[in-house]
Structure formats: C-alpha cells, structure tokens
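# Summary of structural features
Residue-level listing of the chains:
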Amino acid sequence: MSLPDPAPIIDLLDGFRRSKVMFAAVGMGIFDLLEGAPLTAAEAAARLGTNLSATERLLEACVGMGLLNRSDGVFANKPVASVYLREASDRALNGYINYSNLMLYPCWGNLEDAVREGTARWTQTFGSEKPIYENFFSTPEKMRTFTMGMHGLGLTTSPSVARAFDLSGHRTFADLGAATGHLAITACETWPNLTGIVFDLQKVLPMAQEYIDASPARARLSLIAGDFFSDELPAADLFALGRILHNYDDDRCRLLLRRIFDRLPPGGALLLAEKLVAEDRSGPLNAHLQSLSMLVLTEGKERSLSEYGALLKQVGFGDVEGRKTGQYLDAVLARKL
C-alpha cells in the first residue's frame, strides 16, 4: 500500500515561519527601505544596523515568498510589497500585520489552553487584567496600530460590502465602531443618496477625520463620539457593524442588536460585515482560523448566516439576507419591517 504524500504536513510546519518572516520584515521597515532604492544585503544591513548574514537570510526568505526580487545580489520590492507592505502606502496592511505580530501571534501560543478551557488567553499571555480593548487603546501607539490594522484590512473589503445590497432607498448610514470610517466613507462614495456618520470613541475620531477629509464624499460625512453599548445611538435609517459582532458572545450581541433595532425607524436596516461560516461548517478555512483567533482574544466567534439570522430575529429584525462577496468579509442585511 502506498503512503499518503506528507507534503501538506510539511507545508503546515512552515506556515508560522512564513508569517513570522513577513511580520519581522514589516516591523523592521525593510519594504519601506527598499522602495525606490534597491539594495544589496550589505547595504540593507548597514542601513538597518543589523547583522549582515542574518539580514541576507531574511531577505532571501522574502524572495522565496514572492515579496522581493533579487538580481545580481540586489534586492527590490515586488509590486505586492510596494502596495501592501510599506508604511507609506495608502493601501498598507502594516497595521494589521503589526497587530498580528505583537498581539495575536503571542496569544496563539496558548491555543491549547484556550481549547481546554474555552476562554481567551489575553491575561495568560500578557499578564493584564484589563479588558482586551482597553489594552488596545491604552497608549496612542497601541491604539493607532490596532485602528490602522482594521483600516488596512477594511480597504480591501469595504467596496464589496458596500455594493453587496441596493442601498439607494436609505438616507443616513451610521457605522458603529467605525474606526477610520472606511466603510461609511466607501458607502457614501458608492451611494450618492447616503449621508454618513462615523460613530466611535472620541480618541479614535481624529484618525477618522484624516480619511474623511481626503474623501470626495466628505461633505456628506460627519463624526459622532460614543460607546455603542452605553451611549445614545445616532439617528439613522441604516446602521452598520463591521467586524463587531464576532467579538462578543450571543448575549452581548443581542444587547447591541436590540439597541440598534429600537433606534431604527420602520423600514430601516442593519448591514453587517463579517466572515460567514458555511452552514455545513465545511469552511471557509479562513473563517475557522478567524474563529480560533476570537477564541484566544475575545469571548466571540465567527458565525454562519443562520446563526446571525437567529440573533437578528430574536430582537425583532426580519427579512435577513446574506451575500458572499468573494473577499475577506461577507455581508448580511437585516430589515426592520
């Protein structure tokens, strides 16, 4: 009897190494260093103040992973690195990469304990008793890393979410927990009928203002400070929650959804941007991996359309519809009939 090919196992053994190579290269500023100025390993090491042999190995690994080119011993960015891995790029994913490296990667080291106990590993990993989001916002640097992480990923998903449903019948779009406002900005740029509200904590809003100011829809966008669990929600006929519900258990989700439902006028709606798990739980893999991330970090999880539908209908919503976008996040629309 022939043995199965071990290649999938070998590939998985290398998985965390590939991630850490990218994390390290981004954190050290290698892709910004090489943009427009290709360098030899010796030149890069001199600029970075790092060991030559070790730097060369890191650069060679980035070549092998398709992030850098090498020609005659000179290293240069590939287009994918120039667009997504440079701090100076307006499409950079660096915030999410740094968040993954500094916060998520260490917590995943305690995944076994999370599975045994079914609880988050934030305190075990970092020794902090504060709620996780208080830690994320405990310093301006941490807040910016986390918020820009959500922004970079949001730029890749907001266009498909904003176009997933016909929003032409609505007037005021209020994005709760909006971070930099990427979804509200995209929705207003996509649908000229909409006026947008970016709703988040006061300390986050200056970052959102930067992106509103740069938008052609800026005249139709405004900022409101608040906590969506405790403060009055803005008046709107279309609310949005982007990657919010997956942070919470069912009880907390129902609490937030009920607040939104009560605030909506008849005919109003709620747009969710979340990764949908297949009804038969067969995938997609990135949804299952994200659900494990929520296990090690929060009280939440990823859900299927029927699971979100049940939560929405329990607080009064009807006519729940889901759309696969083909991007990292999917879309769900629930209406108040």
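The model shown is predicted, which means the values in this text are computed figures rather than measured ones. Within each chain, residues carry numbers counting from 1 in the order of the written sequence. Thresholds applied to this predicted model are a pLDDT of at least 70 for local features of residues and 80 or more for the giving and counting of side-chain atom pairs; totals over whole chains, interfaces and linings are not thresholded and use all residues. As a convention, hydrogens and water are excluded, and side-chain values are obtained from all of the structure's heavy atoms.

### Quick word on the packing of aromatic side chains
Side-chain rings of Phe, Tyr and Trp (the six-membered ring for Trp) are treated as a pair once their centres are within 6.5 Å; stacked means planes under 30 degrees apart, edge-to-face means over 60, and tilted covers the remaining angles. Counting across every chain of the model gives 6 aromatic pairs. One aromatic cluster is present, formed by Phe228, Phe229 and Tyr248 through successive ring pairs. Put simply, a charge is over a ring when the Lys NZ or the Arg CZ is close to the ring centre, within 6 Å, and near the line of the ring normal, within 35 degrees. Positioned over the ring face of Phe229 is Arg252, at 3.9 Å from the centre of the ring. The side chain of Lys336 reaches across the aromatic face of Phe261, ending 4.5 Å from its centre.

### Thoughts on the pattern of salt bridges
Salt bridge, as used here, is a side-chain nitrogen of Lys or Arg placed within 4 Å of a carboxyl oxygen of Asp or Glu. Scanning all chains against the criterion turns up 13 salt bridges. Residue Arg281 is joined to Glu307 by a salt bridge in which the shortest nitrogen-to-oxygen separation is 3.2 Å. With Arg281 in the loop between strand E9 (276–277) and helix H14 (285–297) and Glu307 in helix H15 (residues 305–314), the pair connects residues that are 26 residues apart, well separated along the chain. Two residues, Arg335 and Asp319, come together in a salt bridge whose shortest N-O distance is 3.0 Å. Of this pair, Arg335 sits in strand E12 (residues 330–335) while Asp319 is found in strand E11 (residues 318–323), placing the two residues 16 residues apart along the sequence. Each residue's exposure class comes from its accessible area (1.4 Å probe, protein chains only) as a fraction of the maximum for that residue type: buried when under 20%, exposed when over 50%, partly exposed otherwise. On the basis of relative accessible area, Arg335 is assigned to the partly exposed category, the value being 26%. Numbering goes from the N terminus for both helices and strands, where a helix is a DSSP run of H or I of at least four residues and a strand is a run of E of at least two.

### Here's the deal with the layout of surface pockets
We place a 1 Å grid over just the protein atoms. Points where a 1.4 Å probe fits but has no way out form a cavity, open points with protein on both sides within 12 Å along at least 5 of 7 lines form a pocket, and any residue with an atom within 4 Å of a point lines it. Grid points are joined across faces, edges and corners, and a volume is the space filled by probe spheres set on the points. Here the second largest pocket is characterised by a volume of approximately 790 Å³. Looking at the second largest pocket, it is lined by 21 residues, and the ones nearest its centre are Ser19, Phe23, Leu104, Trp108 and Leu289. If you list the elements that add at least two residues to the lining of the second largest pocket, you get helix H1 (7–27), helix H6 (94–108) and H14. Sort the elements by how many residues they give to the lining of the second largest pocket and H1 lands first, with 7 residues.

### With respect to the pairing of E11
Relative to E12, E11 is paired through 4 bridges, and the arrangement is antiparallel. The partner of Arg323 across the bridge, within E12, is Ala331. Hairpin connection from E11 to E12: 6 residues lie between these consecutive antiparallel strands, with Gly326 at a positive phi of about 85°. In this scheme, strands are said to pair when DSSP sees at least two bridges between them.

### Focus on a nonpolar patch on the surface
A cluster of nonpolar side chains, namely Ile9, Ile10, Leu12 and Leu13, defines an oily patch on the protein surface of about 420 Å² accessible area. Along the chain, Leu13 turns up in helix H1. Each patch is built from residues lacking any salt bridge and having more than 30% relative accessible area; the joining distance is 9 Å for like charges and 5 Å for nonpolar side chains (Val, Leu, Ile, Met, Phe, Trp, Tyr). For accessible areas, the Shrake-Rupley method is used with a probe of radius 1.4 Å. Any residue's cover is judged against the shown protein chains and nothing else.

### Quick word on helix H4 (residues 52–64)
The span expected for a helix works out to 1.5 Å for each residue beyond the first. Spanning 13 residues, H4 covers 18 Å between terminal C-alpha atoms, matching the ideal 18 Å at 1.5 Å per step. Pairs of residues are marked as contacts when any of their non-hydrogen atoms sit within 4.5 Å. Contacts from the buried residues of H4 go to H1, helix H2 (30–34), helix H3 (41–48), strand E2 (68–71) and strand E3 (74–77). One or two residues past the end of H4 sits Gly66, with phi positive at roughly 80°.

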